[in-house]
Amino acid sequence: MADDLYQRYQAAHRAYQTHTTACTHCTSDSLNCPAGQRLFEAFARLQDAYLNRLNQRPGR
């Protein structure tokens, strides 16, 4: 069975990448637009949660 948190984290990453590819306001040289910032924060929050859970597994 697929890991739901991992799937959500990857979906958030894809959503952010899709947005920044199409958005003329989100560039590597400037801050994200409000929508881009929201997508990035969701991605970062899910990634942190996933990595924290991996680090808390037994044997780590």
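Up top you'll find the structure we're talking about.
Residues numbered from 1 in each chain as written. Predicted model: local features only at pLDDT ≥ 70, side-chain atom pairs only at ≥ 80, totals over all residues. Heavy atoms only, no water.

Q: Tell me about the overall build of the protein, and name the residues and values.
A: Of the regular secondary structure elements, the protein holds two helices and zero strands. Against the compact-globule benchmark of 10 Å for 60 residues, the protein has a radius of gyration of 14 Å, which places it well outside the compact range. Projected onto its principal axes, the C-alpha coordinates of the protein cover approximately 45 × 20 × 15 Å. Within the span of the protein, comprising 60 residues, buried residues form 22% of the whole. Taking as baseline every contact in the protein between residues at least 6 positions apart, the subset at least 24 positions apart corresponds to 51%. As displayed, the protein offers around 4,600 Å² of accessible surface, 53% of which is attributable to carbon and sulfur atoms. Separation between the mean location of the 7 positive side-chain charges and that of the 5 negative ones in the protein comes to 7 Å. (Helix = DSSP H or I, 4+ residues; strand = E, 2+ residues; numbered from the N terminus. Rg over C-alpha atoms; globule rule 2.2 N^0.38 Å. Buried < 20%, exposed > 50% of the residue type's maximum accessible area, 1.4 Å probe, protein only. Contact = heavy atoms within 4.5 Å. Areas by Shrake-Rupley, 256 points an atom, 1.4 Å probe, with all protein chains shown as cover. Lys, Arg positive; Asp, Glu negative; His and termini not counted. Charge placed at Lys NZ, Arg CZ, Asp CG, Glu CD.)

Q: Describe the packing of helix H1 (residues 4–22) against helix H2 (residues 34–55), with residues and values.
A: Where H1 contacts H2, the axes come no closer than 8 Å and their chain directions differ by 155°. By the angle class used here, H1 and H2 are roughly antiparallel. Handedness of the crossing formed by H1 with H2: left-handed. Counted together, Leu 5, Tyr 6, Arg 8, Tyr 9, Ala 12, His 13, Ala 15, Tyr 16 and His 19 of H1 and Ala 35, Gly 36, Leu 39, Phe 40, Ala 42, Phe 43, Leu 46, Gln 47, Ala 49, Tyr 50 and Arg 53 of H2 form the full contact between these two elements. When its residues are assigned to classes, the contact of H1 with H2 shows 14 nonpolar, four polar and two charged. (Axes fitted to C-alpha atoms, helices over the stretch in contact; angles between N-to-C directions. Parallel < 35°, antiparallel > 145°, perpendicular 65-115°, else oblique. Left-handed = near helix turned anticlockwise from the far one by under 90°. Nonpolar A, V, L, I, M, F, W, Y, C, P; charged D, E, K, R; others polar.)

Q: Please give an account of the nonpolar core that cites residues and values.
A: Ranked by size, the top nonpolar core spans six residues in total: Leu 5, Tyr 9, Ala 12, Phe 43, Leu 46 and Tyr 50. Elements that contribute at least two residues to this core include exactly H1 and H2. Leave out the neighbours within four places in its chain, and Leu 46 touches Leu 5, Arg 8, Tyr 9 and Ala 12. (Core = buried A, V, L, I, M, F, W, Y, C linked by side-chain atoms within 4.5 Å.)

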